[in-house]
Amino acid sequence: MSGARIDPAPRQYPAFVSLKRRAIEGHKRVPATCSAADIEAWLLDAALHVPRALDLIDQLAWRLVAAGFPLDRFSVHVGTLHPQLLGFAWNWLRADTISDDEQGAAESLATDAYRRNPLAQVIEHGRTIRVLTANPDDVARYPLVADLAKSGISEYIAMPISGAAYHNAVTLATRRDGGFSEQQRDAMARILKLFALHVERHIALRIADNALAAYLGELAAGKVLSGRIKRGAGEAIRAVIWMSDLRGFTGLTERLGGADMISLLNAYFEEMAGAVLAQGGEVLKFIADG
């Protein structure tokens with residue numbers, strides 16, 4: 001269930017991360033006890049009918065807890081086709097019973113926080129990184145590990161899950177003394193292989209939604225994806241044709257180079273379209289001297 005108000009407190013996110021949705025107290029919507037075999041059966045059947053990735057990930061995390069796995073943090077990170085986004089992430093914490101659906105801007109790739117995060121090794125090279133917060137070398141190598149240690153985490157694992165086009169990743173962390181047992185790591189790895197198929201499905205849906213929304217607008221995109229668009233059908237909507245001019249544009253084109261002109265237009269459209277988007281509107285098309 002998504003909260004009525006998106007409020008990141010007490011969680012803090014960097015400027016390049018946007019919080020989109022939130023699920024709260026998901027443990028109330030899964031069995032109190034289950035087994036690893038029950039989770040695998042769920043992934044092969046009922047999980048196919050969970051429509052949102054946020055709810056799927058939230059339910060998986062709580063099922064792992066119900067099966068006795070000492071899981072305290074769980075996250076999923078996927079790439080996407082979008083000129084402004086690096087990808088999407090879902091972060092679950094056992095302590096606050098919250099799962100967040102986030103998107104990361106492409107500029108995060110240049111930040112030190114990303115470059116020195118174990119996830120960078122997974123996303124860019126497909127490596128599995130396992131760190132123990134009691135190990136001084138791990139703390140020195142990854143600043144994140146020191147923060148995890150402060151919250152009581154003993155072991156953190158970042159690992160790839162299947163995906164041909166992107167290095168998709170999951171992270172697992174525990175407060176259990178000594179970290180996960182070898183048996184627990186093996187069992188979770190088997191479960192995550194099945195879960196990876198769901199991740200691929202949701203990536204495809206998210207990419208389709210992004211592409212259609214970019215060219216048709218979010219309202220029309222949602223109708224197309226849900227099969228509610230029929231040939232010859234129409235619908236009356238409230239719309240505005242907004243006409244505005246960039247003063248001295250002809251002279252600017254003569255004085256500015258191509259790259260500078262593109263930067264100027266991007267800034268101009270950002271201001272104009274941003275005012276519409278901030279009020280919940282959609283910008284469907286830009287027309288020049290039409």
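Just above, that's the structure.
A quick note: this is a predicted structure, and the numbers were derived from the prediction, not measured.

J.: Run through the overall build of the chain, naming residues and quoting values.
T.: On a plain count of helices and strands, the chain comes out with ten helices and seven strands. If you line up the chain on its principal axes, its C-alpha atoms span 70 × 50 × 35 Å. Taken across its 290 residues, the chain has 37% of its residues classed as buried. Taking as baseline every contact in the chain between residues at least 6 positions apart, the subset at least 24 positions apart corresponds to 57%. When the accessible surface of the chain is split by element, carbon and sulfur atoms take 56% of a total near 17200 Å². Distance between charge centroids for the chain: 3 Å, based on 32 positive and 33 negative side chains.

J.: An account of a nonpolar patch on the surface is needed here, citing residue identities and associated values.
T.: Together, Tyr 215, Leu 216, Val 224 and Ile 229 line one region of the surface with nonpolar side chains, adding up to about 410 Å² of accessible area. Structurally, Val 224 can be placed in helix α8 (residues 218–225).

J.: Kindly report on the packing of helix α1 (residues 36–44) against helix α7 (residues 182–216), identifying the contributing residues and their values.
T.: The N-to-C vectors of α1 and α7 enclose an angle of 15 degrees; their axes lie 10 Å apart at closest approach. One way to sum up the angle between α1 and α7 is to call them roughly parallel. Handedness of the α1/α7 crossing: left-handed. Of the residues in α7, those in contact with Ala 36, Ile 39, Glu 40, Leu 43 and Leu 44 of α1 are Arg 190, Ile 191, Leu 194, Phe 195 and His 198. Residues that form the contact of α1 with α7 fall into these classes: seven nonpolar, one polar and two charged.

J.: I'd like a description of the nonpolar core, backed by residues and values.
T.: Formed by 41 residues in total, the largest nonpolar core has its most connected members in Leu 71, Phe 74, Val 76 and Phe 195. Going through the elements one at a time, α1, α2 (53–66), β2 (73–79), β3 (85–93), β6 (155–161), β7 (168–174) and α7 are the ones with two or more residues in this core. Among the elements that line this core, the one with the most residues is α2, at ten residues. The residues contacting Val 76, other than those within four sequence positions of it, are Ile 57, Phe 88, Ala 89, Trp 90, Ala 169, Val 170, Phe 195 and Val 199. Counting residues in hydrophobic clusters, the runner-up holds twelve residues, among them Leu 119, Val 131, Ile 153 and Ala 173.

J.: Talk me through the packing of aromatic side chains; I want residue IDs and the actual numbers.
T.: This model, assessed by the stated rule, comprises three aromatic pairs. Between Trp 62 and Trp 92, the aromatic rings sit 5.1 Å apart at their centres with planes inclined by 85 degrees, giving edge-to-face as the arrangement. With Trp 62 in helix α2 and Trp 92 in strand β3, this residue pair connects regions lying 30 residues apart in the sequence. Comparing Trp 62 with Trp 92, the two get one shared label, buried. Aromatic side chains Phe 74 and Phe 195 sit 6.3 Å apart centroid to centroid with 55 degrees between the ring planes, which places their arrangement in the tilted category. Of this pair, Phe 74 sits in strand β2 while Phe 195 is found in helix α7, placing the two residues 121 residues apart along the sequence. The residues Phe 74 and Phe 195 share a single accessibility class, namely buried. The ring centre of Trp 42 lies 4.2 Å from the NZ or CZ of Arg 63, which sits over that ring.

J.: Give a detailed account of unusual backbone geometry, specifying residues and quantitative values.
T.: Trans peptide bonds make up the majority, and among non-glycine residues the majority have a negative phi. We note that Glu 25 has phi near 55 degrees; this positive angle belongs to a residue other than glycine. Of note in this structure, Thr 97 is not a glycine but carries a positive phi near 60 degrees. Note on placement: Thr 97 falls in the loop between β3 and β4 (98–105).

J.: Give a detailed account of α7, specifying residues and quantitative values.
T.: Between the first and last C-alpha of α7 there are 49 Å, a value that for 35 residues agrees with the 51 Å anticipated at 1.5 Å per step. Leu 194 marks the point of greatest bend in α7, at about 30 degrees. One or two positions beyond α7, positive phi appears at Gly 217, with a value near 95 degrees.

J.: Before we move on, can you summarise the pairing of β7 with the specific residues and values?
T.: Within β7, seven of the seven residues are buried, which leaves the element mostly enclosed by the surrounding structure. Of the two faces of β7, the one carrying Asn 168, Val 170, Leu 172 and Thr 174 and the one carrying Ala 169, Thr 171 and Ala 173 are both buried. Sheet analysis places β2 next to β7, joined by five bridges and oriented antiparallel. Residue pairing across strands places Phe 74 opposite Leu 172, the latter belonging to β7. Bridge analysis of β6 against β7 gives seven bridges, and the strand direction is antiparallel. In the strand pairing of β7, Tyr 156 is matched with Ala 173.

Thresholds applied
- Residues numbered from 1 in each chain as written.
- Predicted model: local features only at pLDDT ≥ 70, side-chain atom pairs only at ≥ 80, totals over all residues.
- Heavy atoms only, no water.
- Helix = DSSP H or I, 4+ residues; strand = E, 2+ residues; numbered from the N terminus.
- Buried < 20%, exposed > 50% of the residue type's maximum accessible area, 1.4 Å probe, protein only.
- Contact = heavy atoms within 4.5 Å.
- Areas by Shrake-Rupley, 256 points an atom, 1.4 Å probe, with all protein chains shown as cover.
- Lys, Arg positive; Asp, Glu negative; His and termini not counted.
- Charge placed at Lys NZ, Arg CZ, Asp CG, Glu CD.
- Patch = residues over 30% accessible without salt bridge, like charges linked within 9 Å, V, L, I, M, F, W, Y side chains within 5 Å.
- Salt bridge = Lys/Arg side-chain N within 4 Å of Asp/Glu carboxyl O.
- Axes fitted to C-alpha atoms, helices over the stretch in contact; angles between N-to-C directions.
- Parallel < 35°, antiparallel > 145°, perpendicular 65-115°, else oblique.
- Left-handed = near helix turned anticlockwise from the far one by under 90°.
- Nonpolar A, V, L, I, M, F, W, Y, C, P; charged D, E, K, R; others polar.
- Core = buried A, V, L, I, M, F, W, Y, C linked by side-chain atoms within 4.5 Å.
- Phe/Tyr/Trp six-rings, centres within 6.5 Å; stacked < 30°, edge-to-face > 60°.
- Lys NZ or Arg CZ within 6 Å of the ring centre and 35° of its normal.
- Expected span 1.5 Å × (residues − 1).
- Bend = angle between axes of the 7 residues up to and from the residue.
- Pairing = 2+ DSSP bridges.

Bear in mind that shape data such as this cannot, by itself, settle questions of function.
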